[in-house]
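# Structural features, examined
What follows is the residue order along each chain.
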Amino acid sequence: MKSKLRRFLSAQADRATHIAAKLAVRPLFAAVRRFDRIRASDAVGALMRRLGPWLPEHKTGRANLAAAFPEKSPAEIEAILAGVWDNLGRVAIEFAHLDRFTTGDPLNLPYVAYDADNIARYRQLRDGGQPALLFTAHLANWEVPAVIAAAFGLDAMIVYRRPNIGAVADAVISARSVTMGTLVPTRFDTPIRLARGLEQGRHVAMLVDQHDTKGVEVTFFGRKCRANPLIAMLARQLECPIHGVHMIRLPEGKFRGEMTDAIAPVRDADGRIDVQGTMQAITAIVEGWVREHPEQWLWLHRRWR
């Protein structure tokens, strides 16, 4: 009887949380869109610089940075963390404005700059007739690469993790669906859906810098962790080229976008793509990005377990 009561109360609590979130999230998104994006992101970034150190995630970020950069002083680590919180506050504001990033010519955007080499890579992916695998990381604003890809006309499938709170997930999906390609949630059948898309000539994009309990072991900043091997498994199955894409945050609300050349996957003695070795190669590229701009990566999550 007590067990049934607990389940009933838990279900009611979940339902109440969903309703409360639904009532709060959509009006909040609408309110944020009424403000100038740059001014609002400046204000919220400054707020998060003050608020962040009081949150429990700050301790996680400090420990991660101290282990990754043992040569840095406590003051340097705190300075990086201040930038991390600033960046996260800006991402929150920018999320409500994603559809406004690509107004106008996608090759000459006011807030996202690409040099000639990167524009050529995007055009090759779009017009080359060959499917490709794209990876990114939680750097600067990690939502923007998918928005830019859609603006360039890439037919892409975007892998994402659905937020736990249903109302938040609905708002997130709604914001993404009007600016990105086909959204593919992580489920048991996701690899099959992605493989079929690649076979049809579509591109597949995903984040690769999160912990995966069942993933392959890789080394990141000299420490062992686990990475989801999905992108390397798809490359092994279909022999698709792999490219890394990421944003670099610049002053005045601007970004610089970069795409790597096709990455040579690691192969075994039989010439087939080695999944673990290829994931290590991808992880090393992400580490290089993070070392270049450590204040723009999300050090607050538990990448190492």
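Keep in mind it's a predicted model, so treat the numbers as computed, not measured.

## Some thoughts on the overall build of the protein chain
Of the regular secondary structure elements, the protein chain holds ten helices and nine strands. In the protein chain, buried positions account for 47% of the 305 residues. In the protein chain, of all internal contacts separated by at least 6 residues, the share reaching a separation of at least 24 is 76%.

## Focus on the environment of Lys254
Turning to its location among the elements, Lys254 is positioned in the loop between β8 (242–249) and β9 (255–259). Relative accessible area serves as the criterion here: at 34%, Lys254 is assigned to the partly exposed category. Lys254 sits 153 residues away from Phe101 along the chain, and the two C-alpha atoms are 9.9 Å apart. The residues contacting Lys254, other than those within four sequence positions of it, are Pro110, Tyr111, Ile248 and Arg249.

## A look at helix α3 (residues 57–68)
With twelve residues, α3 should reach 16 Å at 1.5 Å per residue; the first-to-last C-alpha distance of 16 Å fits that figure. Summarising the contacts, the buried residues of α3 are in contact with α4 (74–95) and β7 (223–227).

## A closer look at empty space enclosed by the protein
Taken as a whole and judged by the stated rule, the model has one cavity of 30 Å³ or more. Counted as a void, the largest cavity has a volume near 40 Å³. If you trace the largest cavity, you find it lined by Val208, Asp209, Phe220, Ile282, Thr283, Val286 and Arg303. Element by element, the count of residues in the lining of the largest cavity is highest for helix α10 (residues 275–292), at three residues.

## Quick look at the sheet that holds strand β3 (residues 156–160)
One open sheet accounts for seven strands, arranged β1-β9-β8-β2-β5-β3-β4; its pairing is mixed. Each edge of the sheet is formed by a strand with only one pairing partner; in this case those strands are β1 (112–113) and β4 (182–185). Strand direction decides the pairing type here: β3 and strand β5 (residues 203–207), joined by three bridges, are parallel. When the bridges of β5 are listed, Ala156 appears paired with His203. Strands in contact with helix α9 (residues 230–238) are β2 (133–136), β5 and β8; relative to β2, the strand with the most contacts, it is inclined by about 165°. Packed on one face of the sheet, α10 meets β2, β8 and β9 and runs near 15° to β8.

## Focus on the confidence of the model for the protein chain
Caution applies to low-pLDDT regions: their predicted coordinates should not be interpreted in detail. Per-chain confidence: the protein chain averages 85 in pLDDT, with 82% of residues scoring 70 or above. The least confident element of the protein chain is helix α7 (residues 166–177), whose mean pLDDT is 49; the most confident is α10, at 98. Scored below 50 in pLDDT, residues 8–24 makes nine contacts in the model with residues more than four places away or belonging to other chains. Confidence drops under a pLDDT of 50 for residues 164–169, and excluding neighbours within four residues, the segment shows twelve contacts in the predicted structure.

## Regarding a nonpolar patch on the surface
Taken together, Leu47, Leu51, Trp54 and Leu55 make up a surface patch of nonpolar side chains, about 450 Å² in accessible area. Tracing the chain through its elements places Trp54 in the loop between α2 (37–51) and α3. Residue class for Trp54 comes out exposed when judged on its relative accessible area of 74%.

## Concerning the side chain of His58
Following the sequence through the fold, His58 ends up in helix α3. Relative accessible area serves as the criterion here: at 2%, His58 is assigned to the buried category. Of the polar contacts made by the side chain of His58, one reaches the side chain of Trp85; its length is 2.9 Å. Ignoring anything within four residues of it in the chain, the contact list for His58 reads Gly52, Pro53, Glu78, Leu81 and Trp85.

## Topic: unusual backbone geometry
The phi dihedral of Ala140 is positive, around 50°, even though this residue is not glycine. Tracing the backbone through its elements, the reader meets Ala140 in the loop between β2 and α6 (144–151). Judged by its relative accessible area of 0%, Ala140 is buried. With phi around 55°, Glu239 is a residue other than glycine that occupies positive phi space.

## Quick look at the packing of aromatic side chains
Enumeration over the complete set of coordinates arrives at twelve aromatic pairs. Judged by centre distance (5.3 Å) and plane angle (80°), the rings of Tyr114 and Tyr122 are edge-to-face. In this pair, the class of Tyr114 matches that of Tyr122, namely buried. Seen in terms of ring centroids, Phe135 and Trp289 are 5.6 Å apart; in terms of plane orientation they differ by 20°. Their pairing is stacked. A residue pair is termed long-range when its members are at least 10 positions apart, and Phe135 in strand β2 and Trp289 in helix α10 qualify at 154 residues.

## Here we look at the nonpolar core
Counting residues in hydrophobic clusters, the biggest one holds 50 residues, and the most contacted among them are Leu133, Phe135, Leu194, Met206, Ile231 and Trp299. Sequence-distant contacts of Met206, defined by excluding residues within four places in its chain, comprise Leu134, Phe135, Thr136, Val159, Leu194, Leu230, Ile231 and Leu234. In this structure, Leu134, Val144, Ala149 and Leu154 belong to the second largest nonpolar core, which totals 28 residues.

The rules behind these values
Chains are numbered independently. Their residues run from 1 in the order of the written sequence. Thresholds applied to this predicted model are a pLDDT of at least 70 for local features of residues and 80 or more for the giving and counting of side-chain atom pairs; totals over whole chains, interfaces and linings are not thresholded and use all residues. Only hydrogens and water are set aside; all other atoms, that is, all heavy atoms of the structure, feed into the side-chain values. Going along the chain from the N terminus, every DSSP run of H or I of four or more residues is numbered as a helix, and every run of E of two or more is numbered as a strand. Throughout this description, buried means an accessible area under 20% of the type-specific maximum (1.4 Å probe, protein chains only), exposed means over 50%, and partly exposed covers the range between. Residue contacts follow a heavy-atom distance rule, with two residues in contact if any of their heavy atoms lie within 4.5 Å. Here the expected length of a helix is defined as 1.5 Å per residue gap, with one fewer gap than residues. Space inside and on the surface of the protein is sampled on a 1 Å grid over the protein atoms alone, with a cavity defined as a set of points where a 1.4 Å probe fits but cannot get out and a pocket as an open set with protein on both sides within 12 Å along at least 5 of 7 lines; lining residues have an atom within 4 Å of a point. Grid points are joined across faces, edges and corners, and a volume is the space filled by probe spheres set on the points. Pairing between strands requires that DSSP locate at least two bridges from one strand to the other. Here the axes come from fitting lines to C-alpha atoms, over the contacting stretch only for helices, and the angles between their N-to-C directions go from 0 to 180 degrees. Values of pLDDT, which run from 0 to 100, indicate the predictor's confidence residue by residue. The patches reported here contain residues having more than 30% relative accessible area and no salt bridge. Joining distances are 9 Å for like charges and 5 Å for nonpolar side chains (Val, Leu, Ile, Met, Phe, Trp, Tyr). Here the Shrake-Rupley method, with its probe set to 1.4 Å, supplies the accessible areas, and only the displayed protein chains count as covering residues. Any carboxyl oxygen of Asp or Glu that lies within 4 Å of a side-chain nitrogen of Lys or Arg is treated as forming a salt bridge with it. Each polar contact in these results corresponds to two N or O atoms within 3.5 Å; when the atoms are within protein, one needs to be able to donate a hydrogen and the other to accept it, and residues that are neighboring in sequence are counted only if both atoms are side-chain atoms. Two aromatic rings, drawn from Phe, Tyr or Trp (for Trp, its six-membered ring), form a pair once their centres lie within 6.5 Å of each other, and the interplanar angle then sorts them: stacked below 30 degrees, edge-to-face above 60, tilted otherwise. Remark: nonpolar core denotes a set of buried residues (Ala, Val, Leu, Ile, Met, Phe, Trp, Tyr, Cys) joined through side-chain atoms within 4.5 Å.

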